[in-house]
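Residue strings, one per chain:
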Amino acid sequence: MKTFIRATGNISPQKTFGPSVLLQDVVVQNGNRLRCTEPDYLKFIDAKAIRRMSRIIKMGTAAAMECLREAAIQNPDAIVMGTAYGCLEDTGIFLKKMVEQKEEMLTPTAFIQSTHNTIGAQIALLIQCHNYNNTFVHRGFSFESALLDAMMLLEENAATTVLAGAADEITDASHAILSRFGLYKKEIANNADLYSIQTKGTIAGEGSAFFLLSNQPAEKDYATLDALYTFYRPADTKQIEQQIANFLERQSVAAADIDVVITGRNGDTKGDIIYNEIITTLFKNNRTANYKHLCGEYPTSTAFALWLAASVIKESKLPATLGANSPQKIKKILIYNHYENIHHSLMLVSAC
Amino acid sequence: MDKLMTDLKGQIVERLNLQHIKPEDIGDDQPLFVEGLGLDSIDALELIVLMQQQYNIKLNNAEDGPKVFRSVRTMADYIKSQHAG
Amino acid sequence: MYSKSAAVYVAGIGVVSAIGNNTASCLQALENSEAGIGPVTSLDTIHKNIIPVAEVKLSNEEIAEATGLSAAISRTALLGMMAAKEAWLDAGISNALHLRTGFVSANSVGGMDRTELFFPSFLKDKNSGRLKNVVNHECGAVTELVAGGLGIKNFVTTISTACSSSANSIFFGARLIKHNILDVVVAGGADALTKFTLNGFNTLQILDKEFCQPFDENRRGLNLGEGAGYVVLVSERIAATIKDQLYCTLSGYSNANDAHHQTASSPDGAGSYAAMKGALALSGLHTKDISYINLHGTGTFNNDISEGTAIQRLFEPHYPKMSSTKAFTGHTLGASGGIEAVFSSLAIKHNIIYPNLRLQTPMTALPFVPERAFQKNVAVNHVLSNSFGFGGNCSSLIFSKL
C-alpha cells in the first residue's frame, strides 16, 4: 500500500501559503525569532467561528482548509495532527488572569481554547467532520506520530483520505522561557546567517502544515510518502548512523538512489555534529539541503520539511533559493531531522 | 439608558471578540442568543462575568439568564433595576 | 503488515486514584461503595472549601519514594509512574525490554501543576521563576519521565484529546500491535489536579459543589479527580507465553467526532453513538452481547443526557447493566479512559458489576436505570467503556473475556 500526498497547506515564516512559485525568494527576518507570514483568515474561516480562535487555531485551520481546497475534498475520513506546545497563547492568558485576578471573575474562552486538541476539533467543527479525530502531543515526535497514525489508518482501510498535519507557535512568553533554557542564539543578524555562525543555539520558528494523504492515487498527487521511522535518545553518532543505514536497507534504497537529503541542520554547533558527520560518510556523494533557515526550529518543523520535500518532487527540481545547479529530475528525497538530539526522524518521499 | 446600551454594545463586541461586527450594528432589541447575533452558552458565561466585573452585578438566579440576556435593552434594564433604590 | 483479526490481550493493569493507591485497594473501595471525593487539600486555591474533588491520598514525596522518581517533578508524572509501574510488574514479562516495547501515554495539561508555581514570579519579571518548574511542562515531557522510569526507549508517544485521551492511547497501542510494529505496549494516561483545570472547569459552571450524581435526574455537575490508569497490551505471540496472566482482550475500539460545539455534546449524542457503534462493528459483537457499559457519566447535565440518548438509540430495547465509576473517582480527565479500562478488565476477570453511586432519582428521559448495587457472580463477557471529551472527541473501547 502506498501513501499518496495529494495536497498540502502550509503557513510558515516564508511565502508558502496558497498557490505560488516555490520559495521564489527567501523571507529574511532579523533576530532569533521567525514569525509566520499569515493570510487574511477571514477568506478561509467564517467570521462567526473566527472569534473563538486564537492565532494558532487560525493558523492550523487555515492551513487545513487550504489543503482540503487543493484536494477538492470537503470531508476527509480522518483528521490527525500533532502539536508539541498546544495552544500557548490561551494557556498563558488563562494563567495570567488566574494569577492576577486571584482566581476570581475568570471566563471560559481562554481555557477551552487552551486544550491541545482544540485545533483538530475546530477543523472538525468547521467542516462538520464526524470521523476519526486525534491529536498527538509528544515533543519532537508530535507530527511523526500523527503521520504514523494516518498511515496506519490508510493501511487498515479505515480511511481512504486522511488530513494529517501539525501546528506550533511561539509566543512572547514561550520565547522568553526557551531563551532562558539557552535554545536560541544570543547574537544573529537574521535567518540567512543561520549556518554560517558556528555558535550555540538556533533560531525560534513556528508554523502549521497539513497534508491530504490517501491510499488511492490521484492525478495531481505531489509524491508518495514511502516510509517513516523514528528513534529516541540514541546513545551516540554511531548508533544514529546505524539507524539511518538500517532504515535505507529496509526500504531497499541505497544512498545513490537519493537525489536530495534534506537535513534538520539548525546552526547549533552541538546539534549539527551528526549532520556534519553523515554528509561525509553515509551521504558523502549526495546533494543536501537545509530547511530550518526558512522556518526556524520548533518540535514539529518536520511538517515544513515534508511540505518542502513533496513540493520539490512535484516540481522535480530544487528552487534556486536552496542552492544553485539543482539536480535534474528529483525523484527521491530523504528527510533526516532530530530535535535536541532526543527525537530523531526519517522520512522517505518519492515521485509517484 | 442610551449611554448604558451603547457602552454595553461596545463591551459585548470587545469581550466576545466579535470582529466582524461594529457595536453600533447591534440593535437595541436584537436577540443576542441562538438567532440574531447567534451567541452560545460560552458567550453567556462571558456575559455573566462581564456584568460582575463592569457593573458589580451578580445574577440572582441562574434561571433568569435567558431573560436578562435576551437583548442589549433587557441587559440594560436589569442593570438599572439592580442599581436603583 | 496489518492484521485486522489479530487479537490484542490485556496482560497487566495498574491504577492509582482517589479510591486507592493500587488495583487491589481500588477494587476493595469499589466493592464497598467507598467514594474518594472530599475537600481540596493539596492545592492552594480560593475554591478550597467550596468545590469537592477526588484527590489521590498520597503526597508527592510518598509517590516519589514508592516509584523511585524525584519528588520535585510534576505530580502527573509521579501518578503516571505509580500506575504504569504496577501494570508493568503485573504483566511480568521478564524480557519486555528486549522485545519491541512501547509506551503510549496521555494527559491533558502535562506538567501544569509545576508551571503554575513558576508563573506568578515569571509574570512579575521575565527573568524570574525557577526553570526546573517548567522544564517538563509539555505533555510529552511528562510521558518521557515515566518512560525513563520504566526503561522504555523503543517507542514513545503521547495523545491529548481531552477526556478521551487515554482511551485513544490504549487503542493506538493496540493498533501498533496489529500492524506488527510493537509486541508489547504500556498504554493509558495520567492527570494530576491543578489550579488551572480546577478554575477552568469552574468557569464553565459544570462543577458540582456537592458530591456528583451521574445519571441522576437532579445532577448538578462533575467532581474533578486525579489519578492514572495503564494496561499492558500484548500480541498473540507474547500472550501465548503468559497465558495465566491475561485479563481479557481488547476486541473493539472506535474514535468519532461529535462536531457540535467546543465543549458541549450534541443533544442526540451523535459522536457518542458513532463511537459506540464503531467499536461494536470492529468487535463483530451485537448490542445484546454487551454485559456492562462503563459510562463516561461525568454527572454534568449535558454529558449524561447526550450519552444516555445515544445509548437509547443504539441499544433499544435491550439495555445492558451500566454505571459510571466517576461517582467514585471523580472525573480524572486524561486519565479517565485508562482508569476505566483497568476497571473494565477487572469486571471481566472477576465477573463483577460496579454501582453507580448516589443515584437517587433516575433520569426521566431515559428508559433505563444504571445499577445501584455492587454485584458479584455476573457473567461479564463483554464490557463497553466510553470516554467522551471536549472538542467532540468521542472514543469507545470494548474488552472481552478470553
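Up top is the structure these notes are about.
Residues numbered from 1 in each chain as written. Chains lettered and ligands numbered in written order. Predicted model: local features only at pLDDT ≥ 70, side-chain atom pairs only at ≥ 80, totals over all residues. Heavy atoms only, no water.

Participant: Break down the interface of chain C and chain B for me, citing the residues and quoting the values.
Facilitator: At the interface, five residues of chain C touch four residues of chain B. Taken together, the two surfaces of chain C and chain B that pack against each other cover about 360 Å², and 63% of this comes from carbon and sulfur. By the criterion of area lost to chain B, the three top residues of chain C are Leu204, Gln205 and His261 of chain C, representing 77% of everything that side buries. Between the two partners, chain C and chain B, sit zero salt bridges. At the boundary of chain C with chain B, the tally comes to one residue pair in polar contact (both at pLDDT 80 or more). Partitioning the side of chain C that touches chain B into residue classes produces one nonpolar, four polar and no charged. (Contact = heavy atoms within 4.5 Å. Buried area = accessible area lost by both parts, 1.4 Å probe. Salt bridge = Lys/Arg side-chain N within 4 Å of Asp/Glu carboxyl O. Polar contact = N/O pair within 3.5 Å; in protein donor to acceptor, adjacent residues only side chain to side chain. Nonpolar A, V, L, I, M, F, W, Y, C, P; charged D, E, K, R; others polar.)

Participant: I'd like a description of the packing of helix H6 (residues 165-178) of chain C against helix H12 (residues 336-350) of chain C, backed by residues and values.
Facilitator: Residue and element names in this part refer to chain C. Close contact between H6 and H12 brings their axes to 5 Å; oriented N to C, the two are set at 65°. On the side of H6, the interface is formed by Ser166, Ala167 and Ile170, while H12 contributes Ser336, Gly337, Gly338 and Ala341. Its residues assigned to classes, the contact of H6 with H12 comprises three nonpolar, four polar and no charged. (Axes fitted to C-alpha atoms, helices over the stretch in contact; angles between N-to-C directions. Helix = DSSP H or I, 4+ residues; strand = E, 2+ residues; numbered from the N terminus.)

Participant: Describe in detail the packing of aromatic side chains, supporting the description with residues and values.
Facilitator: Across all of its chains, the model carries 23 aromatic pairs over all chains by this definition. Here Phe143 of chain A and Phe211 of chain A contribute two aromatic rings whose centre-to-centre distance is 5.9 Å and whose plane-to-plane angle is 40°, an arrangement assigned as tilted. Of this pair, Phe143 of chain A sits in helix H6 (residues 142-156) while Phe211 of chain A sits in strand S5 (residues 207-214), and the two are 68 residues apart along the sequence. Here Phe143 of chain A and Phe211 of chain A have matching classes, each one buried. On the numbers, 5.4 Å between centres and 20° between planes, the contact of Phe201 of chain C with Phe390 of chain C is stacked. One end of the pair, Phe201 of chain C, is in helix H7 (residues 195-203); the other, Phe390 of chain C, is in the loop between strand S9 (382-388) and strand S10 (393-400), with 189 residues separating them in the sequence. Members of the aromatic cluster, each reached through a chain of ring pairs, are Phe94 and Phe111 of chain A together with Phe196, Phe201 and Phe390 of chain C. The ring of Tyr273 of chain C carries Arg313 of chain C above its face, with NZ or CZ at 4.1 Å from the centroid. Seen from the ring of Tyr247 of chain C, Lys349 of chain C lies directly overhead, with NZ or CZ sitting 4.5 Å from the centre. (Phe/Tyr/Trp six-rings, centres within 6.5 Å; stacked < 30°, edge-to-face > 60°. Buried < 20%, exposed > 50% of the residue type's maximum accessible area, 1.4 Å probe, protein only. Lys NZ or Arg CZ within 6 Å of the ring centre and 35° of its normal.)

Participant: Can you break down the interface of chain A and chain C residue by residue, with the values?
Facilitator: Of the residues lining the interface, 56 residues belong to chain A; the matching set on chain C comes to 64 residues. Where chain A abuts chain C, roughly 5200 Å² becomes buried across the two surfaces, and 63% of that area is made up of carbon and sulfur atoms. Linking chain A with chain C are five salt bridges, by the criterion used here. For Arg233 of chain A, the salt bridge goes to Glu144 of chain C, with nearest N and O atoms at 3.4 Å. The interface formed by chain A and chain C holds 31 residue pairs in polar contact (both at pLDDT 80 or more) in total. Residue assignment for the side of chain A that touches chain C shows that the elements contributing at least two residues are helix H3 (88-100), helix H4 (108-114), helix H5 (118-127), strand S3 (132-136), H6 and helix H7 (172-180) of chain A.

Participant: Quick rundown of unusual backbone geometry? Include the residues and the values.
Facilitator: A cis geometry characterises the amide bond from Glu316 of chain C onward to Pro317 of chain C, with omega recorded as -5°. By secondary structure assignment, the location of Pro317 of chain C is in the loop between helix H10 (301-315) and strand S8 (321-323). Phi is positive for Asn341 of chain A, which is not a glycine, with a value near 60°. Tracing the sequence through the fold places Asn341 of chain A in the loop between strand S9 (332-339) and strand S10 (343-350). According to the relative accessible area criterion, Asn341 of chain A is partly exposed, its value standing at 32%. One non-glycine residue, Arg358 of chain C, lies in the positive phi region at around 60°. With respect to the element layout, Arg358 of chain C can be found in the loop between H12 and S9.

Such coordinate-based values are descriptive only and should not be taken to indicate function.
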